[in-house]
Amino acid sequence: MDANEILDYCLAKKGTTESFPFDNETLVIKVDTKIFLLMGLERQPLGVNVKTDPEWSAELREQYPQITGAYHMNKTHWNSVTIDGLKRDLIFKLIDHSYDLVFKSLTKKAQNEVNSL
């Protein structure tokens, strides 16, 4: 799985946008105005940061050495995921979960606007 496949998957979701607010290497993907995925394009091996329910985070970190607390982010709610060695279904599930968590945190008005797209 490469960065383009992850980006395409994310941008196929309603209300998503991409930007580089921090630097020219860290791609940020938002739903409405809130971040649900970060991807370091120069990072080797490829990895992403995704928001994850704290209980599931603990399970994931125990089960997969490729999943750790996200650097420079709230490690209770964010995971760094090294793509190598993980099944694509799990990566897509993590992206979906992150999107859903962030979407649910939007105001009802913002949720309705995203849903109307």
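Residues numbered from 1 in each chain as written. Predicted model: local features only at pLDDT ≥ 70, side-chain atom pairs only at ≥ 80, totals over all residues. Heavy atoms only, no water.

Under an unreviewed UniProt entry, the protein chain has the name MmcQ-like protein and belongs to Chryseobacterium culicis.

**Quick word on the layout of surface pockets**
Within this model, the largest pocket holds a volume of roughly 240 Å³. Along the walls of the largest pocket sit 13 residues, with Thr26, Leu38, Asn49, Tyr71 and Met73 positioned nearest its centre. Where the lining of the largest pocket is concerned, the elements lending two or more residues are β3 (34-40) and β4 (47-51). Among the elements that make up the lining of the largest pocket, the one with the highest residue count is β3 (4 residues). Its residues assigned to classes, the lining of the largest pocket shows 7 nonpolar, 5 polar and 1 charged. (1 Å grid on protein atoms, 1.4 Å probe; cavity = no way out; pocket = protein on both sides within 12 Å on 5 of 7 lines; lining within 4 Å. Points joined across faces, edges and corners; volume = space filled by probe spheres on them. Helix = DSSP H or I, 4+ residues; strand = E, 2+ residues; numbered from the N terminus. Nonpolar A, V, L, I, M, F, W, Y, C, P; charged D, E, K, R; others polar.)

**Looking at the sheet that holds β4**
If you walk across this open sheet you meet the 6 strands as β1-β2-β3-β4-β6-β5, and the pairing is antiparallel. Of all strands in the sheet, those with a lone pairing partner are β1 (16-19) and β5 (67-69), marking the two edges. Looking at each pair of strands side by side, their axes are set apart by 25 degrees on average, direction ignored. Summarising the sheet, β4 and strand β6 (residues 78-82) pair through 5 bridges and their orientation is antiparallel. From the neighbouring strand, valine 48 faces β6, where its bridge partner is valine 81. The sheet strands contacting helix α1 (residues 3-11) are β1, β2 (26-31), β3 and β4, and the helix crosses β3 at an angle near 170 degrees. (Pairing = 2+ DSSP bridges. Axes fitted to C-alpha atoms, helices over the stretch in contact; angles between N-to-C directions. Contact = heavy atoms within 4.5 Å.)

**Some words on helix α4 (residues 108-115)**
Within the span of α4, buried status applies to Ala110, Gln111 and Val114. All buried residues of α4 project into a common sector of 100 degrees when viewed along the axis, lining one side. For α4, the exposed residues lying more than 90 degrees away from the buried face are Lys108, Lys109 and Asn112. (Buried < 20%, exposed > 50% of the residue type's maximum accessible area, 1.4 Å probe, protein only. Arc of directions from axis to C-beta.)

**What about the packing of α1 against helix α3 (residues 88-105)?**
Between α1 and α3, the shortest axis-to-axis distance is 11 Å and the interhelical angle comes to 40 degrees. Relative to α3, α1 is oriented oblique. For the crossing formed where α1 meets α3, the hand is right-handed. The segment α1 lies against α3, with Glu5, Ile6, Tyr9 and Cys10 engaging Arg88, Phe92, Ile95 and Asp96. For the contact of α1 with α3, the residue count by class is 5 nonpolar, no polar and 3 charged. (Parallel < 35°, antiparallel > 145°, perpendicular 65-115°, else oblique. Left-handed = near helix turned anticlockwise from the far one by under 90°.)

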